[in-house]
Every structure is written in structure tokens, then in C-alpha cells.
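One letter stands for each residue in the lines below.
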Amino acid sequence: MRSFIKSFIAVWVFSLIALVSYGQTATTIRGKVVDTSGESVIGANIYLKGTTVGTVADLEGNFVLRTQSTGEQILVVSFVGMLQYETPVTLRGGDMDLGQVEMKSDAVGLAEVSVFANIALDRKTPVPVSNILPEMIETRLGMQEYPEILKSTPGVYATKQGGAFGDSRINIRGFNARNSAVMINGVPVNDMENGWVYWSNWAGLSEVTRTMQVQRGLGASRIAIPSVGGTINILTKTTDAEAGGSLLYGLGNDGYQKIGFTLSSGLTDDNWATTISLAKSQGDGYVDGTQFESYSYYLNISKLVNDNHRIAFSLFGAPQWHGQRSTRMYIDTYKDPLINSTRYNSDWGYKNGEVFYVRKNYYHKPMAILNHFWDVNSRLNVSTAGYLSIGTGGGTGFLGVNKFYDPAYLRENQPDVDRIVDENIARGANGAETILRSSINNHFWTGLISTASYNMDWLDLIGGVDIRYYKGEHYREVTDLLGGEYFLSTNDINNPNKAAFVGDIVDYYNDGNVLWEGVFGQAEAVFGDLSAFASAAISNKSYNRVEYLLESHDGNGVTSPWYNYMGYSAKAGANYNLTSVHNVFVNAGYFENQPDFRTVFYNYTNDANADAPNEKVMSFELGYGFRTGIFAANLNAYYTTWKDKSRVFGYTVNGVDQFANMTGINARHQGIEFDFSLKPIRKLSVTGMLSVGDWRWMNNLIDVEFFDDSQNLIMTRSVYIKDIHVGDAAQVTAAASVSYELLAGMKVGADWNYYDKLFAYFNPEDRTTEPADGMNPDAWEMPSYQLMDLFMSYRFNLGDYRATLVGNVNNLFDVEYISDATDGGTHDWTSARVYYGWGRSWMISLKLNF
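Bear in mind the structure is a predicted one, so any value in this text is a computation, not a measurement.

Draft legend 1. A look at the overall build of the protein chain. A tally of regular secondary structure across the protein chain gives seven helices and 53 strands. On C-alpha atoms alone, the protein chain measures out to a radius of gyration of 29 Å, which is about the 29 Å that the 2.2 N^0.38 rule sets for 850 residues. Taken across its 850 residues, the protein chain has 55% of its residues classed as buried.

This is the structure:
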């Protein structure tokens, strides 16, 4: 017993000595990692150089690093998109508090661009936001379309539509792209005529995106933009602060390949900096007949003139072409035993043994932005952006007799193009019956936005001007006579029986001109834990139209008068930080958006509705935030009413595009959104969200005009849509993501997404008869679905280079699901025309930095 007691005492004494010794030599290093704006850098890596001792910053940017190392060491703080921070530390045991560790962006001028673009700040700007950081874009995008990187954001529904390269779309809170603003470096890019965003025009944007922020609802933008659903703020790369570059190669399913490089001069001794990026992507496409080829380029030249002036010039674009799937099919068609494929596409065939695209999109929309940032004094600064975009391109389809979609002209379920060619040849001097045409939509777009900001300690006063000019050129031209000698064009009143040849204009030809003059002002105040803002904007939007075919003229077309429409917006909000953990916010706003071009020129002629009403939007929102070191969450509720909405509904009948020009629509969108992030241990991150909406049309419509794709009036009817659900976007969405650092530099993870309460896009042609009981049948509710994605990233040294290996698998379980649908006459699955989403896809890429 004595021996046991002696042994126990000896062990206890030695343990105590060891603990005292550890306490004397162990060092605890604390700090908080922030960026230059004071925002926490969540997930920053902190470690001692040349050791395996490290940690990461928590959800508030705080970190604690414990080590038994002693003496002189180098503490390193790193994060994707930031310059690596290094500082010498002397370790002698005890606590060491570094306070705030400020990390600078690895891009010259990013801070100024962020301010100009109205990037919202956590616990200050009273709007719900989601941020997509550079690491997520690099590791999660994979084979997805650019907008799909936002699919785990509350209130967002993004799909590939027909499944071809660049043909994706995104809805926020049930509002499509026309009423969800997209900004690139603070410059609005929604089409000036119809408000749409054509993502195929920006197919290379993923190559040059620095970061993205989705501001749901009213948003923080000061200028008058159509941010009813929300605002997608995209910041492109500026110029790398350090000299270097990178090489990238990636490959994926269905012949996908990507290659690219970036080269940066860094900031030179004479304060110039230049970055250039080039990339190429190509592949066969997941959907049949959707081969593609895309190039992207990016150039940024920056000059620090002096302490008060900086100039930056950016040029970027992405010329591309791709085969399209534009025709939605019945579910029974996809399931036909002779087809039996969700990849089926009726918009292509073979001509003389080679792939022939009935539907093909080709476009190039370069954009140039010149920024000037001027710090007038310590309180006043002025930021100005001048921009220019010249877009060229269009899309193909048939013209004449509809043989491409006639069942009698199918061969192995695809259009028998050779038969069409043979029949055109046989017609000889009578001309071709069916040809391939291109619908050309060129534009010239320029503008200037200038903002002045004056700081008075607790109050910022901001004001500016927003000037834009846009010219859209719209016509059709003969692309392929398909064996015919010519095509007889009868739509030109100045040449009513024109023999048209390849390159000749046919069917329609008109220009749309748009002018915009706007002013805006905003006041931002901070009273301790309370921050608030109020803003207002007023704008004049002017339209005129030039007609070349439907009116007699001397060769310069017939120009309509200018029609002017005033628009207004006012919004205000406040955020109150109850404690360091809890905050609440509220915002409200009222908009009057001008009618779009097609609403004014309602029948594809120079006839105009000079009294077209503004769209009227009122929105309210409440939110709550919770922040601790390991857990953060946000909860918000919104209510939006929309009156006198105008919308051109497009649909397809037997391969023929048709349109209904609808005005005076009322809608109500309301819902709740919740999202969270959890970091229980250093290596594990968990995020999730839930969004529940209730979006409905609130009235029936009278005197709706229907047009075919040659802009000819078909009929005028009433459309009965009161109380049916807004379609085209899931009203219930949920997501969860897990990321774990398996090894040093290696992260693996999974993303799960769920979609429900997804209603088909109603077809106005099927709703022209008033129900006997006055109850409009709802659109078909599509089956709910859920998808699982996997991702892996590994950062390592490869000789003298820093390398990043990324792998992605999307739709891991190869789930078969319907992503898009147009409702049919029976309002169920039997009459709906649908697109199926992609099955399993994969991509792997290697990036070398030097």
C-alpha cells in the first residue's frame, strides 16, 4: 500500500511539474482578422511559418493559436483573394494579443470598386445579403452555369433551361431577370429595351469574377435599377497587387475542356499595374446537339496617379457560339421507347452527314469600363465610371413552311434536313419553301455614372447622376437557303416581292433607341449601434423606334416621335445592433418603374401607347441576425406588391416562337428566409438555408395581343390568371453544405439542394376562356426534387509553383428531374411541355500559380 501511495505521489508531482512547465513555455496568440473595410475575414488561415501549428478565424474573424514553440517565429495569415500577411513574433510563453490583423486585397483598387458598386456590409446595411467569395467560385462552380453558383442562396432558383452552354436563367423571390438587377462593377447590365439579362452574353464571366453579392429585395444600390426581386452585384478582378500569373486546365464530361492563363505585372515602381486573362472552353454539351465553343478575355490597366487620384480601365468579353435546345417537349415524348432520353433535343439534325443546328446562338458583347476615383479631401470623394458595350450576334431558326417540326419530316426523331434541301432544289426558280434565318440583335450601349460622397463623421451624404444611351438593331437575315435558289420575302412594303439571298434582310427590320437621364441621392447615418439610410432617385426614360420594312420611306426608315416616361424610387431602412450577438433591421420602399420598350410599342410597329402606365412596386422587410464565434444565422420576412406590371410572355407551339404582350398585371410576393453558418471545430464548416414563399397573380387581363415570331398579330384575347401561383421558380427551397479539411490544404465537401412548390410557367394561349365557376385552375405543380453535389480542393506546392487541384461531381445520384415547364390546356403533366435538368456531371481542373 505504501509503495502504491509513493508511486501515486511521484506521478502527481511529476505531472504538476509538467503542467507548470507547459504553462511557462506555452504561448497563446489571439487576434481578429479583418479586411480594409473592417469586415471579418471568416476562415482565414493562421499558422507559424515552417511548422504544422495553425488555426483558422471563426465566424467573427477571431482566432486563438496555442503553441509550445519558443523564440523568434513568423506568424502567417492567409486567405484566398488577400495578400498574405506575415509578422515576426517572439514566443516566451503566456498570452499575446495581436489585436486586429488587417489583410489587404491582392487586387489593386478593389476597395474603391466595392464602394462604388454599393456592396452591403454585415450588421450595418439593412438588407439581407449572401456573399460568394473567390474560393467558392473556384471550388464549387465546376460544370454548372454561372448563375447556378447562387443556387444555395435563399429565395434563388437557377436552372440551365434547355441545358445548352450559356442558356441559364435565375429568379430571385419569384422575379425573373427583368426585375432582378445585375450589376458588374457598379454598372447596370439589364437590357435597356426589355430589362432582360442574357447570360450567354456573359459566358466567360466566371473566368474573371472576383466576388459576388446577392442583395435580396430592395438592395443597397443608389441608382434607379429594377431591383424588385434583388440585385446581383458582380465584382470582376481588378489588377493583382503582386507580379505573377497562373495557368489552368480543366476537363469534364461530354468532351468538356477549358484552358486559360492570367498574367499580372503587379504594382510597378511608377504605380502602373496590368492584368490580362485569356481562356477557351469547348465541349459536346450534355444535351444532344448542344456543342459549343467559347473564348473569354479580360484586361485591366490601373494607374495610381497620386494620393488623390486613381484611374482604372477594364475590358472584358466572351465571344461564343452554341447549339440550343429551345423546344420544350411533352413528357411522353422523352419517354417514347424510340427516344427514351432526357437529353433529347428536336432542334438539330444532319445535313449532308454533318451536324446541323436549327437553333444556334452566337454572340459577342465586349464591355469597357473606365473608372476614376478622386479623393478631393479627407471628407469628399468622387467616383466616376464611363462604360461602352457593343454587342453583335443573334440566333437561328427556320423561316417559311414549318418542315423542321413537322412529324412527316422526321428521320430517327430528328429533322430530315436533307429532304428539305432536296425539295428546295426541286422547286428551282420557284424559290425555297423553308430556309434557315438568323434573328440579329446588335446593340450600341454607353453611359456614365458619377457619385459624390461627403462624410460628416456620423453622416454620409451621397448624390450623383446616371446617364445612358442605347441603340438596338433588330432584323432577320437569310443564313442558309437549304438548296433553294432564293427565298421570296413579302414583308417589306418597299419591296413586296423580294428575292432574298444569303445575307439579305427579311421578315422584320427595326431599331430601338433608348435614352436615360437620372439623378439620385442618399443619406447614411450611424448613431452608435444604430445605422440608417434613406435614398431617392428620379429618372426619365425616352424611347423612339425606326421602322424599315412596314412603312414607306426613302431609304433611312421611318422614325417615331420620342416618348418620355418618368420613374421614381424611394427607400429607407435601419439596422440596430442590440448586442455584439443580436441585430435587427427593417427596410421599406416604393418604386415606379417605367414601362419597357415592347409595352410602349405594343404591336411591333411605330404605333405607341403614349399613356403606358408605370409599374408600381411597394415592399416591406424585417430581419434578425445572430452572430457568435462558431454560429451565425439570419431570419427575414418580406412582403411585396406589384401593380401594372408589363410582361412579354414567350412560348413555343410546334417549334414556332409566339408572344403575348401583357400589361396591367398585378402580383403579390411574400415569404420568409433563413440561413445559417456553423463552425464547431477548426476544420469543419456547415451552412444551410430555408426559403418559403407564396407568390400569386392577383387579377385577370383583357385585350392581350398575341404575336408570332415574325411580329405578326395573331389574335386579341382576355387571359384568366387571377389567384394562380407565379411559376418558373420553386417557392420552397432548402440547402445544406458541409466542408471539412481532411488534410493540410485539402478540403472535401458536399452540397444538398431541395426544391418544392414549383409551378409551371403558364401559357397565356391556354387561358383565354373564362371558367364557368370563376375559379381559375392553377398551373401544373411539378414534382419536387433534391440534388447532391460533391467537391474537393487541394492546395499544394509543385516544385516552385503553388498548385490547386479541384474536382466536382454535380447531381451525384443522377436524379431525373424536371427543372422548367410550360403549362398546358389540362394543367397537368400530360399537357405540360418541359425541360429535364442535367443528370450526373463531373469536372476536374488544375491551376498553377507562379
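Next comes the rest of the account.
Draft legend 2. View of the pairing of strand β1 (residues 27-35). Burial analysis of β1 places seven of its nine residues in the buried class, the great majority of the element. Both β1 and strand β7 (residues 94-103) contribute to a ladder of eight bridges, which runs parallel. Looking at β7, one finds that Thr 27 is bridged to Gly 94. With six bridges connecting them, β1 and strand β4 (residues 62-67) associate as antiparallel partners. Paired with Gly 31 across the strands is Phe 63, a residue of β4.

Draft legend 3. Quick peek at the pattern of salt bridges. Inspection of the entire model under this criterion finds 36 salt bridges. Ionic pairing is found between Arg 178 and Asp 596, a salt bridge with its closest N-O pair at 3.1 Å. With Arg 178 in the loop between β11 (169-172) and β12 (180-184) and Asp 596 in the loop between β39 (582-593) and α7 (597-600), the pair connects residues that are 418 residues apart, well separated along the chain. A relative accessible area of 10% means that Arg 178 is categorised as buried. Connected through shared salt-bridge partners, Glu 135, Glu 138, Lys 747, Arg 795 and Lys 847 make up one network.

Draft legend 4. Summary view of the side chain of His 443. Positionally, His 443 belongs in strand β31 (residues 434-456). Using a relative accessible area of 8% as the deciding quantity, one classes His 443 as buried. A polar side-chain atom of His 443 sits 2.9 Å from a polar atom in the side chain of Lys 365. Excluding its chain neighbours within four sequence positions, the residues that come into contact with His 443 are Tyr 363, Lys 365, Ser 389, Ile 390, Gly 391, Tyr 470, Lys 471 and Gly 472.

Draft legend 5. Just the nonpolar core, in detail. Core analysis: the largest hydrophobic core is formed by 50 residues, its most contacted members being Leu 150, Met 212, Ile 232 and Ile 234. Among the elements that make up this core, the one with the highest residue count is β12 (four residues). Setting aside residues up to four positions removed in sequence, Met 212 forms contacts with Ser 130, Asn 131, Ile 132, Ile 137, Tyr 146, Ile 149, Leu 150, Ile 232, Asn 233 and Ile 234. If you look at the next biggest cluster of nonpolar residues, it comprises 47 residues, including Tyr 157, Tyr 651, Ile 721 and Tyr 785.

Draft legend 6. Representation of the sheet that holds β7 in the model. One open sheet holds the three strands; their spatial order is β4-β1-β7, and the pairing between them is mixed. The open sheet has two edge strands with one neighbour each: β4 and β7. Each strand axis lies, on average, 20° off the axis of its neighbour in the sheet, ignoring direction.

Draft legend 7. The environment of Phe 520, seen in detail. Assignment of secondary structure puts Phe 520 in strand β35 (residues 505-527). Separated by 204 residues in sequence, Phe 520 and Ile 724 place their C-alpha atoms 37 Å apart. Not counting the four nearest positions on each side in its chain, Phe 520 is found in contact with Arg 222, Ile 223, Ile 449, Ser 450, Thr 451, Ile 462, Gly 463, Gly 464, Val 465, Asp 466, Ala 536 and Ala 537.

Draft legend 8. Geometry of helix α6 (residues 417-427). Taken together, the buried positions of α6 are Val 417, Ile 420, Val 421 and Asn 424. Buried residues of α6, seen end-on, are gathered within an arc of 100° and therefore sit on one face of the element. Elements in contact with the buried residues of α6: β24 (348-351), β25 (354-357), β30 (414-415) and β31. Two residues or fewer after α6 comes Gly 428, characterised by a positive phi angle close to 55°.

Scoring rules and cut-offs
Residues numbered from 1 in each chain as written. Predicted model: local features only at pLDDT ≥ 70, side-chain atom pairs only at ≥ 80, totals over all residues. Heavy atoms only, no water. Helix = DSSP H or I, 4+ residues; strand = E, 2+ residues; numbered from the N terminus. Rg over C-alpha atoms; globule rule 2.2 N^0.38 Å. Buried < 20%, exposed > 50% of the residue type's maximum accessible area, 1.4 Å probe, protein only. Pairing = 2+ DSSP bridges. Salt bridge = Lys/Arg side-chain N within 4 Å of Asp/Glu carboxyl O. Polar contact = N/O pair within 3.5 Å; in protein donor to acceptor, adjacent residues only side chain to side chain. Contact = heavy atoms within 4.5 Å. Core = buried A, V, L, I, M, F, W, Y, C linked by side-chain atoms within 4.5 Å. Axes fitted to C-alpha atoms, helices over the stretch in contact; angles between N-to-C directions. Arc of directions from axis to C-beta.

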